[in-house]
Protein chains: 2
Amino acid sequence: MSQRDWAYLNRVVEGPSRPLRQLLDAGRDPSEIARGIRTRASWLGELAGQTEARHALDRAEQDLADAAAVGARLITPESPEWPHTEFDLAFGFAATGRSDHLRSYQADAVPPHALWVRGRPLGETVAQSVGVVGTRAATRYGIEATRQIATGLATHQWTVVSGGALGIDTAAHESALAAGGLTVVVAACGIDRTYPARNATLLERIAGQGSWISEYPPGTPPQRHRFLTRNRLVAALTAGTVIVEAAWRSGALNTLSWAEGLGRVTMAVPGPVTGSGSLGCHERIKEGRAQLVTGADDIRALLGAAGALDVAEQYELAFAATPVQALSRNELRVFDAVDPAGSEAQTVAEAAGLPLPLTVHLLLDLVRRGLLTRDGTVWRRDDTL
Amino acid sequence: MSQRDWAYLNRVVEGPSRPLRQLLDAGRDPSEIARGIRTRASWLGELAGQTEARHALDRAEQDLADAAAVGARLITPESPEWPHTEFDLAFGFAATGRSDHLRSYQADAVPPHALWVRGRPLGETVAQSVGVVGTRAATRYGIEATRQIATGLATHQWTVVSGGALGIDTAAHESALAAGGLTVVVAACGIDRTYPARNATLLERIAGQGSWISEYPPGTPPQRHRFLTRNRLVAALTAGTVIVEAAWRSGALNTLSWAEGLGRVTMAVPGPVTGSGSLGCHERIKEGRAQLVTGADDIRALLGAAGALDVAEQYELAFAATPVQALSRNELRVFDAVDPAGSEAQTVAEAAGLPLPLTVHLLLDLVRRGLLTRDGTVWRRDDTL
């Protein structure tokens, strides 16, 4: 049973694993790879070393049972709810090597091979989502800014994705829930563990109203390296990430770097300069690595998707004679820059004069709206539109 | 006596006056122009209309006496303390028509024909200066941010120039004085009037420790249009202007627009997004019309002049084998972009990949340090350096 094979792989190969990803991309199926690991097959390549210590550890039945006991399921690229679009875009971008922001993390810029999920189908909850992250040592200001932003996003059908940590993350999740919106928590430990313990109730509520996910098998403790690889999932699953409050060396900056390296829209909320709470936000804006946003409206405008339309725009959209007339100015710039014969995203970005991450986001959105088609890295438009 | 002629012109022609500036630039001396106005000479051109109502009003002796009574003097382009460099750069830039930010104010983008001054020689106080302006309706946060910035600037020998208004302006002046630094107040009314009345003591202290200046003859009341033309002087006299706290329609934004239109460095301090106090600052940063700065160090780094060198830089400077080795990275980019045969500032900016205002500022600084020469709009470097 394939589910057992995936569970076995998830246990013996701690994600992210580039060698496992390469074998899967090369067409080997999970059963074959699982068998290869157990039998120390010659074609394992680098995966041989990665699985040397754990290859005999077959806890698949137990892991699936432990997950089921807390209401969690294992999802894989074969599952209908797998967020293919998000992962393809993010890790496809990273694979082009266009961004040098991942540096030492480049090896980890691969999708998870499987995810443990509680709550709603992940593909649905992240379909229109924003990463909202920040420091655990949040100030009253940071909490209030987060509350306003997450509430504004939730009210406009944007899912708030965060890491479930104390401080800003918690405020983001709680505000989204309070506004009746969707929220996704990406845990850095097993799906059967509640970390931080203080957030036990919040996590259960997310499992009920949104999605609670983890890349790690049941029982896995939260450790420093897992926070960093967890951050990549927050960035990969969302159209953009906003840091609300982050001091000089906040982990939230790592999430923002992931968003940058994965070609997502990077945003930062400013704050008082008389304290150090927003130092990291200000630095990223100064460096031109994040766009200044002051609220949910700015975020929605930058991400420019259908959910971001205001009343006037919806009116125009409803009465536009053609779908092209209904496009916003930036959407139109991107649309016009696409050659009917096909263009690479980089070429479109240059022609449109927009940042590449924003261009990719708008291209994807135009595909969703049926105005463009995408074939691998090539985007095309119907010349008759 | 020429001083009488200037005083007469200052009274009958309210500055800024482009027609008067054009006559002066065309080589007519102030006595001749004064005589022409009194006699309604045919060559007055547009100045005839501007002086029709007031031409018979000769209060020159009285104005000079009223000014002397409060310890003020009248300075003109003939005075040693006239800030020629600052005005040439600012209004020279505006005259190129490169900026469309002045819009309806374009006609006013000319230097004053004379200034009333109390305190230190103006040319000296503004030689290394920054405009620090903001809302009258300042919050506690705005006041504290201003205090930190003005103190940091004053400590590093940067003069704080502002408008003397309540709120941010007052905090800027007071903090500069408290730090033992220089400060300049540009009044929007006659030099013999204390406005706002609450700042009487502050203005007297500025007259003692810095410079208190006005473009208007004694007795002139503050009126709305004078605040706007006063703002242009804050922008023109300084290397750059920073807005510390400015809501949606704050007058401080007008000063920042002047700085932009006059080719000066434009900066804005972020603040809490949970209130509206910093809305104008955030908008300008989002629009790319101001650079985000969080403190005096950022401002000094952007303005990049000698006074901004930190200890390590001073060490490097002291031990650099040649003046060129002592240049900062941005200074070097600009220096290298200048053709020994001569380059326009716009060409240098493009070659250096830096904003034009910053480029002009660095060019000027390189001239001051003897590394470049300037001939009108052409900048040259010695090929042997």
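Residues numbered from 1 in each chain as written. Chains lettered and ligands numbered in written order. Predicted model: local features only at pLDDT ≥ 70, side-chain atom pairs only at ≥ 80, totals over all residues. Heavy atoms only, no water.

**Let's talk about the pattern of salt bridges**
How we decide: Salt bridge, as applied in this entry: a Lys or Arg side-chain nitrogen positioned within 4 Å of an Asp or Glu carboxyl oxygen. Helix numbers and strand numbers start at the N terminus; a helix is a DSSP run of H or I with at least 4 residues, a strand a run of E with at least 2. For every residue, the accessible area obtained with a 1.4 Å probe (protein chains only) is divided by the maximum for its type, and the residue is called buried under 20%, exposed over 50%, and partly exposed between those limits.
For the coordinates displayed, the defined rule picks out 39 salt bridges over all chains. Of the charged contacts, one joins A:Arg73 and A:Glu81 as a salt bridge, the two residues approaching to 2.7 Å between their closest N and O atoms. We note a salt bridge from B:Glu215 to B:Arg232, for which the minimum N-O separation is 2.8 Å. Highlighted residues: B:Glu215 in the loop between strand 6 (211–214) and helix 11 (224–237) and B:Arg232 in helix 11, separated in sequence by 17 residues. The pair B:Glu215 / B:Arg232 is uniform in exposure class, with both members buried.

**Overview of helix 3 (residues 30–38) of chain B**
Residues and elements named next belong to chain B. The test is simple: It is the directions from the helix axis to the C-beta atoms whose arc is reported. Contact between two residues is taken to exist if any of their heavy atoms lie within 4.5 Å; hydrogens are not considered. The definition of a polar contact used here is a pair of N or O atoms within 3.5 Å, where within protein one atom must be able to donate a hydrogen and the other to accept one, and adjacent residues in sequence count solely through side-chain atom pairs.
Listed in full, the buried residues belonging to helix 3 are Pro-30, Ile-33, Ala-34, Gly-36 and Ile-37. Buried residues of helix 3 fall within an arc of 160° about the axis and therefore sit on the same side. Turning to helix 3, the residues buried within the fold contact helix 1 (2–12), helix 2 (18–25) and helix 4 (46–51). Here helix 3 starts with a cap whose side-chain oxygen sits 3.0 Å from the backbone nitrogen of Ser-31, and that cap is Asp-29. At the exit of helix 3 stands Arg-40, carrying a positive phi of roughly 55°.

**Considerations on the relation of the copies chain B and chain A**
Where we set the bar: We superpose the copies by least squares over the C-alpha atoms of residues that have a pLDDT of at least 70 in both of them.
Note on the identical chains: chain B maps onto chain A by a rotation of 179° and an axial translation of 0.0 Å, with an RMSD of 0.1 Å. Considering both components of the superposition, the chain copies are consistent with a two-fold axis. Rotation axis and chain B: the residue whose C-alpha lies nearest the axis is B:Gly271, separated from it by 2.3 Å.

**Let's talk about the sheet that holds strand 10 (residues 343–344) of chain A**
Where strands meet in a sheet, backbone hydrogen bonds hold them as pairs that are either parallel or antiparallel. All names here are of chain A. For the record, the criterion: Two strands pair under a simple rule: DSSP has to find at least two bridges between them.
Judged by pairing direction, the sheet is antiparallel, and its 3 strands sit side by side in the order 10-12-11 without closing on themselves. On the outer flanks of this sheet lie strand 10 and strand 11 (372–375), each paired with one strand and no other. Across 2 bridges, the pairing between strand 10 and strand 12 (residues 378–381) is antiparallel. Each residue of the ladder has a partner; that of Ser-343, found in strand 12, is Trp-379.

**Side note on the UniProt feature "domain: Smf/DprA SLOG" (unreviewed entry) in chain A**
Counted only if it meets this: UniProt positions are given in the numbering used here, feature names are shortened, and annotations may be inferred rather than shown by experiment.
In this numbering, the UniProt entry assigns the feature "domain: Smf/DprA SLOG" (unreviewed entry) to residues 109–301 of chain A. Counted over residues 109–301 of chain A, helix gives 41% and strand 17%. Its end C-alpha atoms are 28 Å apart.

**Remarks on the side chain of B:Thr51**
Counting through the fold element by element, B:Thr51 comes out in helix 4. Once residues within four sequence positions are removed from consideration, B:Thr51 is found in contact with B:Val12, B:Val13, B:Ile37 and B:Arg40.

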